[in-house]
Amino acid sequence: LAVGEVATLTIITSVDAAGDIVNIAEVTAADQDDIDSTPNNDDGDQSEDDEDSAPLTGELIDLELTKSTEITSANVGDFVTYTLELNNAGPSDATNIAVLDQLPSQLSYISSIANFGSYNPSTSSWIINILPAGTTATLNLTVEVVGAGDICNAAQVIGADQADSDSTPNNDDGDQSEDDEDKSV
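Predicted, not measured: the structure shown is a model, and the values here were computed from it.

Novice: Any chance you could explain the sheet that holds strand S5 (residues 79–88) here in plain terms?
Specialist: Strand pairing in a sheet takes place through backbone hydrogen bonds and is either antiparallel or parallel in direction. Strand order in this open sheet of four strands is S4-S5-S10-S7, and the pairing throughout is antiparallel. One side of each edge strand has no neighbouring strand; the edge strands of this open sheet are strand S4 (63–69) and strand S7 (107–114). For this sheet, the mean angle separating the axes of adjacent strands, direction not counted, is 20°.

Novice: Sorry, what's going on with the pattern of salt bridges here?
Specialist: Any two side chains of opposite charge can pair if their charged atoms end up close together. If you walk through the whole model with that rule in mind, you get one salt bridge. Two residues, Asp101 and Lys67, come together in a salt bridge whose shortest N-O distance is 2.7 Å. In this pair, Asp101 is assigned in the loop between strand S6 (94–100) and S7 and Lys67 in strand S4, connecting sequence segments 34 residues apart. Taking relative accessible area as the criterion, Asp101 reaches 1% and is therefore assigned buried. Given the relative accessible area of 6%, Lys67 is considered buried.

Novice: Looking at this structure, I do not really get the sheet that holds S6. What am I missing?
Specialist: On the basis of which strands lie adjacent, the open sheet formed by five strands has the order S8-S9-S6-S11-S13 and antiparallel pairing. The open sheet has two free edges, formed respectively by strand S8 (118–120) and strand S13 (181–184), since each of these has just one partner strand. Each strand axis lies, on average, 25° off the axis of its neighbour in the sheet, ignoring direction.

Novice: Which parts of the structure should I look at to understand the environment of Asp16?
Specialist: You can see Asp16 is positioned in the segment before strand S1 (19–26). Judged by its relative accessible area of 71%, Asp16 falls in the exposed class. C-alpha separation for the pair Asp16 and Ala163, spaced 147 residues apart in sequence, amounts to 9.4 Å.

Novice: Explain the packing of aromatic side chains here, please?
Specialist: Pairs of aromatic rings are described using the distance from one ring centre to the other and the angle between the two planes. A complete count under the given rule lists one aromatic pair for this structure. Residue placement shows Lys67 over the ring face of Tyr82; its charged tip is 4.9 Å from the ring centre.

Novice: Where do I start with the nonpolar core in this structure?
Specialist: If you look at soluble globular proteins, the nonpolar side chains tend to sit buried side by side. Of all hydrophobic cores here, the largest spans 24 residues; its most connected members are Leu86, Ile97, Val99 and Trp126. Of all the elements in the fold, those that place two or more residues in this core are S4, S5, S6, strand S9 (125–131), strand S10 (135–145) and strand S11 (153–159). Here this core gets five residues from one element, more than from any other, and that element is S10.

How each quantity is defined
Residues numbered from 1 in each chain as written. Predicted model: local features only at pLDDT ≥ 70, side-chain atom pairs only at ≥ 80, totals over all residues. Heavy atoms only, no water. Pairing = 2+ DSSP bridges. Helix = DSSP H or I, 4+ residues; strand = E, 2+ residues; numbered from the N terminus. Axes fitted to C-alpha atoms, helices over the stretch in contact; angles between N-to-C directions. Salt bridge = Lys/Arg side-chain N within 4 Å of Asp/Glu carboxyl O. Buried < 20%, exposed > 50% of the residue type's maximum accessible area, 1.4 Å probe, protein only. Phe/Tyr/Trp six-rings, centres within 6.5 Å; stacked < 30°, edge-to-face > 60°. Lys NZ or Arg CZ within 6 Å of the ring centre and 35° of its normal. Core = buried A, V, L, I, M, F, W, Y, C linked by side-chain atoms within 4.5 Å.

Here's what the structure looks like:
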């Protein structure tokens, strides 16, 4: 490396755990003597100019979705309220969460009330900007029954900025086998 020249090494990694992470780099060997530092002697404080660190926080969430209604049968013309509860079991705050609750053809959207975020009936999405760890968001979705027959209304988390510890967003295959998806029949 010539005098005054800079070399850059870019390493792309994945975060595999929650919590504080410190990545340390150090010159471990050189053909010439360094006048103000000793290669390969890191003592953890990065006090020499041949070593440095880059701290970051690994984020991990556990979103758990439940869906319920207070009734088990309704007549055409009845209003029904579905309650969705989305709990963030942490350990990190969850951001930019999207929950899909696409209404079946037998239901028509009337209104919604949420304590976090809002429901957009044109996209069938409940969007929550931030859900702190240990917090539960609630969405009450009022619909009108407009068609007869068995009604199955499913919902699932389709996205978030952080990885979920035990489920994969947007992969509902109809069995609601993960804790980030649920249905009410």
